[in-house]
Amino acid sequence: MKIPFKFKALFIATSLAFIAPTWASEAATEGFNHKIPESIMTPDEVETRIGTLKFYDGIPTQETLTKVYDNLDFIRGVDVFLNFIPATSIEGIRLGMKSMGVEKSNQVLVFDDLMDSNPLFLTGNTDTVYAAAMLDLEKDGVTVVEIPAGAGPGTVNDAYFRFVVDMGAPGPDAKKGGTYVILPPDYQGDLTPTLNGMQDRDKDTRIEMTIAGKKTKVWVAQSTSYNNWLILRGFLKEGKPDHASNMWRIGLKIYPLANANKPKKMQFTNGSGKFFNTVHANDYKFYEELWHVIQKEPISFLDPELRGQAAAIGIEKGKPFNPDAHLKAILKDAVAVGNATARSIAFKTRDKSAYLFPGKQWYTGFIGGDYQWLKDAGNGGRNMDARTLFFYLATVNTPAMALQIPGVGSNYAMTTGDNNGDILYGEKSYQVTLPANAPAKDFWSMVAYDPQTRSELQVPGGSTYPSKNNKRDKLVYNEDGSVTLYFGPKAPKGKPVANWTETTPNKAWFAMLRLYGPLQAWFDKTWAPSDFKL
């Protein structure tokens, strides 16, 4: 049926009468046809933490542009510091080892008499015999590492401290020794990585290849970088390091596959008792250290997001790093705030999930129990503060430190405060008790560290081994099987001197408890150390 025009007009008018109040009831914003939501508008003046920001109709004034871009450069500088600590930490180790004459793959820094407090080395331990080498896969190509039977925890990390492969106790050889082949990031040959995880240790995943004319079964891993750090630990025997030291000096072999027929003779340098620095810079030099890493490594070494952060402040592969005086001043400020931020995260974390025991000060370096610091199985992305916490204080990244496999690998707990959360002062005396039956198949240790260097605590004129170890030291135990350790500038009266670790007056310190071969009681938290108390 055809509707007359006058009824159509009446229908439209009536409809608009009902609709009109929803759009005509609010006055149009000045300069617009309609009422514009305030949430998408920018006022002419905005008060912020960087001052008053001024705009003309949403366009920043020149004064505001200067403030905003200076702030953006500052933010980028802070982000680069926090996110690139892993890279500069490896670079610091490389430079420190180079200063000791250890820079080629056949050169190894071995701590024959354990690591004492002389070298600056992020939370190194006094309890295992370290053997460390730098692998340069750009120069050497495919590299072979032969490790002897009986090796403790060993790991290869790339130039961003990412995990490449474990060796020794947590590795696929499971302390039986064997041959590992490390492929460069740009390797184009027929070799492919084998299954090297701890979950694969019940089967032989090696492949057979020819090395120096001999058929050899090997494990294969591929790195994402050219520079790689190999760090191995040997356990004490009857409380002494001699056996492990000889094990490395006799049994450890590292050489390019291309030179397997005539490898260079291994060279070992004793790092015990020597002063050298492996810790990255906390000032403007940090950016220069990072620039060197970026120049050395392939583009594929870092994802575009990270590369973009570095490039935003002028650090880019193939280009010099020469910021003008204005940007340099901003970056000096940024690295100072970045360092303060890292120290806050590392020493007094606000992440409640970091703390291991309810009501206690002990916390973990592997927040979330993931060596990649992925939150909620990756659903929450990467916990970047957790990554900063770990790498500002520690080195060596391996699943063996995060996985809960009783009797395998190692686990750690740190504390920077007493039972009240107060700083541990070097001029005061403290005690801490470890209950009986400490859940460590191999051994446990407690080491005191300096918060400035995050290295072993130096005590001028005092002990160079600021630690206690249940296999090395003749500790005095309580009647119930527990042991109470004492920390302070002087041995406490009436207490066993064997249980005392000396501290430095007018300096702070923090502690790390290590469990090698951690047992189930540690994982289910039925065993826990006390807090430190005065």
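Here, every reference points to the structure presented above.
The paragraphs below set out a description of the structure included in this document.

## Overview of the overall build of the protein chain
Per the secondary structure count, the protein chain includes 10 helices and 22 strands. The principal-axis extents of the C-alpha atoms in the protein chain amount to approximately 105 × 65 × 60 Å. Per-residue burial over the protein chain gives 50% buried out of 534 residues. Restricting to contacts in the protein chain with at least 6 residues of sequence separation, those with at least 24 account for 74%.

## Here we look at the sheet that holds strand β2 (residues 51–56)
One open sheet accounts for three strands, arranged β1-β2-β3; its pairing is antiparallel. Looking along the sheet, the strands with just one partner apiece sit at the ends: β1 (45–48) and β3 (59–60). Bridge analysis of β1 against β2 gives four bridges, and the strand direction is antiparallel. Note on β2: the bridge partner recorded for threonine 48 is glycine 51. Helix α2 (residues 62–83) rests against β2 and β3 of the sheet, and its axis sits at about 130° to β2.

## Digging into a nonpolar patch on the surface
Taken together, the side chains of Phe32, Ile40 and Met41 define a hydrophobic patch exposed on the protein surface, amounting to about 300 Å² of accessible area. As for its position among the elements, methionine 41 is in the loop between α1 (5–24) and β1.

## Things to note about helix α5 (residues 242–251)
When we look at burial in α5, the residues that qualify are Ala244, Ser245, Met247 and Trp248. Burial along α5 is one-sided: seen end-on, the buried residues are contained in an arc of 155°. Looking at the packing, one finds that the buried side of α5 touches β4 (107–110), β5 (129–136), β12 (227–234) and β14 (267–270).

## So, a negative patch on the surface
On the surface, a cluster of negative charge is contributed by Asp44, Glu45, Glu47 and Asp57. Relative to the helices and strands, glutamate 45 is located in strand β1.

## A word on the sheet that holds strand β6 (residues 143–147)
The strand order β10-β11-β9-β6-β13 describes an open sheet built from five strands, whose pairing is mixed. Sheet topology places β10 (207–211) and β13 (253–256) at the edges, where each strand pairs with a single neighbour. The sheet shows a mean angle of 40° between the axes of neighbouring strands, direction not considered. Note: β6 against β13, four bridges, orientation antiparallel. Opposite valine 145, over in β13, you have isoleucine 254 as the bridge partner.

## Focus on unusual backbone geometry
Within the chain, lysine 175 stands out as a residue other than glycine whose phi angle is a positive 70°. Locating lysine 175 in the fold gives a position in the loop between β8 (163–168) and β9 (178–183). One non-glycine residue, glutamate 238, lies in positive phi territory at about 55°.

## A word on the pairing of strand β15 (residues 410–415)
Counted residue by residue, β15 has six buried out of six residues, so it is predominantly covered. Residue alternation in β15 divides its side chains into two sets, Ser410, Tyr412 and Met414 and Asn411, Ala413 and Thr415, and both sets are buried. Pairing analysis gives six bridges linking β15 to strand β22 (residues 508–518), with the strands arranged antiparallel. Bridge pairing in β22 links asparagine 411 to leucine 515.

## Examining the nonpolar core
Judged by nonpolar contacts, the single largest core of 71 residues is most densely connected at Phe84, Trp229 and Tyr287. Considering every element that reaches this core, the biggest residue donor is helix α8 (residues 325–347), with eight residues. Residues contacting tyrosine 287, with those up to four places away along its chain left out, are Gly77, Val78, Val80, Ile313, Ile315, Phe321, Leu331, Ala334 and Val335. Residues Val108, Tyr180, Met247 and Ile254 belong to the second largest nonpolar core, which totals 29 residues.

## Comments concerning the pairing of strand β11 (residues 214–222)
One ladder, built from five bridges, connects β9 with β11; its direction is parallel. From the neighbouring strand, threonine 179 faces β11, where its bridge partner is valine 218. Bridge analysis of β10 against β11 gives five bridges, and the strand direction is antiparallel. Bridge pairing in β11 links isoleucine 211 to lysine 214. In this structure, the hairpin formed by β10 and β11 is closed by a connection of two residues, where alanine 212 is found at a positive phi of approximately 55°.

Cut-offs applied
Residues numbered from 1 in each chain as written. Predicted model: local features only at pLDDT ≥ 70, side-chain atom pairs only at ≥ 80, totals over all residues. Heavy atoms only, no water. Helix = DSSP H or I, 4+ residues; strand = E, 2+ residues; numbered from the N terminus. Buried < 20%, exposed > 50% of the residue type's maximum accessible area, 1.4 Å probe, protein only. Contact = heavy atoms within 4.5 Å. Pairing = 2+ DSSP bridges. Axes fitted to C-alpha atoms, helices over the stretch in contact; angles between N-to-C directions. Patch = residues over 30% accessible without salt bridge, like charges linked within 9 Å, V, L, I, M, F, W, Y side chains within 5 Å. Areas by Shrake-Rupley, 256 points an atom, 1.4 Å probe, with all protein chains shown as cover. Salt bridge = Lys/Arg side-chain N within 4 Å of Asp/Glu carboxyl O. Arc of directions from axis to C-beta. Lys, Arg positive; Asp, Glu negative; His and termini not counted. Charge placed at Lys NZ, Arg CZ, Asp CG, Glu CD. Core = buried A, V, L, I, M, F, W, Y, C linked by side-chain atoms within 4.5 Å.

Nothing here speaks to function; it is all geometry.
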